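Examining the three-dimensional arrangement
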Amino acid sequence: MVCDSGNSGNSDGMASQDSSWGSMRQTLGVDAFRITGGKPLLGEVRVSGAKNSVLKLMALSLLTQGRTQITSVPDILDVSIMSRLVTRLGARVEWERAEGILSIDVPEELEQRADYDLVRQMRASISVLGPLIARLGVADIALPGGDAIGSRGLDMHLAGLERMGAKVTSQHGYLLASAPERLKGASIWLDFPSVGATETLLMASVLAEGTTIIDNAAREPEIVDISHMLQEMGAQIDGVGTSTLIVDGVDELRPVTHETVSDRIVAGTWAVAAAMTCGDVSVRNANPHHLDIALDKLASAGAEVTHLPDGFRVRMEDRPRAVGIVTLPYPGFATDLQPQFIAMNAIAYGTAMVTENLFESRFKFVNELVRLGADVRTEAHHAIITGRESLSGAPVESHDIRAGASLVLAGLAAQGITTVTHVNHIDRGYANFVPDLQSLGADIERVSIVDPARVSG
Ligand code: EPU
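Tallied over the entire structure, the rule returns 23 salt bridges. Linking D115 and R88 is a salt bridge whose minimum nitrogen-to-oxygen distance equals 2.8 Å. Placement of D115 in the loop between β7 (113-114) and α4 (116-119) and of R88 in helix α3 (residues 77-88) is noted, with a sequence separation of 27 residues between them. Within this structure, R67, R92, E94 and D105 form a network of salt bridges that share partners.

Below, the structure is given as structure tokens:
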């Protein structure tokens, strides 16, 4: 435990791992993060735009011909994949990575097909469905399939489009959607406030004929951001930020320049990292109100949380206390911060229950956390975590973005060396992760290994 160990972090076992590491390290293969735990994170870090907004902002740029500019774009793998997808659909993309500016030139004619090779790499590719059917009256999108955190259905996206007059079938692994007569406004009630379905229907309805009402809509800050960009483009949307979105379709939209909302999940990850390492971190360019519940939970765990003019600061002096959480759609506790809180509970005083209500496989990473010595039992969608005084470094594997980040946090708080493999998952959502951690004082480096199965502790 960082807080109790005088922050030295080194153990005997670690030294032997260290010496064997050199011979294992190769120049080809799977990227891994090698972390020597035990240092408090101190200093400040700046958060970029939100992955779960920018990918949709890129997709919705297809709704209009001309040059759209998106700023505060994070340098992450998913933005590269989405750039390839919109390029494949006919747009021209320029990305000034260092400046975080993405320009998308959209021609009059677009392709209608999103191929499996890209969709399988990133489920968010489905967000081109709404813009394509709205603009072209037709879209062929490869079915994304399940992923590491659950099956992730599309039924609400498709039922909503059908209510707007689209015909949707599936053939040879593709969704074929068509609405040659232009989509028609409709009243749609979502069974659940799905982020993806709300976005698909919002992007489809802005160019539809007449009024669309989306009830039980998702209210995440990223949906508000998408709605704001659509409004800037000329869309008529009422009820932004509420559960009822009322969209009056317009004939055309215009390209704009839009700044991406800051990434609340990245900001929340830094907040938990500060608390887990007994650190003191100021998170800049973050909106603490997008993290009200999470920051309140950190305060219950013993952290001192203060708001700053452009973010917040988290300071922890002692080992955290265990805190229970229940994930829910926004403004409830974000599922994308659930693994980080499980990691924190793994080193906390006491026992806590975490309930996951959105993704059935989001506890999969717990097996990796157990390899670090965590005491976690799962039963259906509940996890019971009893904090241990310390975790001990070991090789672990990242299965998805948030699980990977949480294993890194656990490694930062553990004694000895932790190697997290398959960090391409973390690269999908965290820009500048290793340099930012290094600047906060973490002992972490990126390495390449040929055969992650052979990384031994
Ligand atoms: N669902 C259905 N049918 C649908 C739509 C959703 O059954 O038609 C189910 C899903 O299977 C899932 C639940 O509803 O169990 C939630 O799905 P939702 O549509 O709300 O989420 P999403 O659009 O697939 C986005 C984020 C996720 C984030 C969730 C919830 C993107 C690219 N992804 O997913 O982010 O966890 O909203 O906030 O925006 C991440 O960033 O790590 C991540 C997984």
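So, next bit.
According to the domain assignment, the protein chain consists of domain 1 (5-47 + 262-456) and domain 2 (51-259). On the side of domain 2, 21 residues touch domain 1, which itself brings 24 residues to the contact. Between domain 1 and domain 2, the buried area comes to about 1800 Å², and carbon and sulfur atoms account for 55% of it. It is Y330, F359 and R428 that lose the most area in domain 1 upon contact with domain 2, and together they represent 31% of the buried surface on that side. A salt bridge links D78 to R428, with the nearest nitrogen and oxygen atoms 2.8 Å apart. On the surface where domain 1 and domain 2 come into contact, there are five residue pairs in polar contact (both at pLDDT 80 or more). The set of elements that each furnish at least two residues to the side of domain 1 that touches domain 2 consists of α13 (401-413) and α14 (424-427).

On to unusual backbone geometry. For the bond from Y330 to P331, the omega torsion is 10 degrees, close enough to zero to count as cis. Within the chain, N432 stands out as a residue other than glycine whose phi angle is a positive 60 degrees. Inspection of the secondary structure puts N432 in the loop between α14 and α15 (433-439).

Attention now moves to the sheet that holds strand β21 (residues 375-379). Reading across the sheet, the four strands line up as β19-β20-β22-β21 and stay open at both edges, with mixed pairing between neighbours. The open sheet has two edge strands with one neighbour each: β19 (325-326) and β21.

Here we come to the site of the ligand. The full set close to the ligand counts 21 residues, and K56, D155, S194, D336 and L358 are the nearest of them. Interatomic distance of 2.8 Å between a side-chain N/O atom of R402 and an oxygen atom of the ligand. Protein contact buries 87% of the 840 Å² of open area that the ligand shows by itself. For the shell around the ligand, the elements supplying multiple residues, two or more each, are α2 (51-60), α6 (155-163) and α7 (195-205). When grouped by side-chain class, the residues that make up the shell around the ligand number eight nonpolar, six polar and seven charged. Looking at which domains feed residues into the shell around the ligand, each of domain 1 (5-47 + 262-456) and domain 2 (51-259) gives three or more.

The rules behind each value
Residues numbered from 1 in each chain as written. Predicted model: local features only at pLDDT ≥ 70, side-chain atom pairs only at ≥ 80, totals over all residues. Heavy atoms only, no water. Salt bridge = Lys/Arg side-chain N within 4 Å of Asp/Glu carboxyl O. Helix = DSSP H or I, 4+ residues; strand = E, 2+ residues; numbered from the N terminus. Domains from an automatic or database assignment. Contact = heavy atoms within 4.5 Å. Buried area = accessible area lost by both parts, 1.4 Å probe. Polar contact = N/O pair within 3.5 Å; in protein donor to acceptor, adjacent residues only side chain to side chain. Pairing = 2+ DSSP bridges. Near = heavy atom within 4 Å. Areas by Shrake-Rupley, 256 points an atom, 1.4 Å probe, with all protein chains shown as cover. Nonpolar A, V, L, I, M, F, W, Y, C, P; charged D, E, K, R; others polar.

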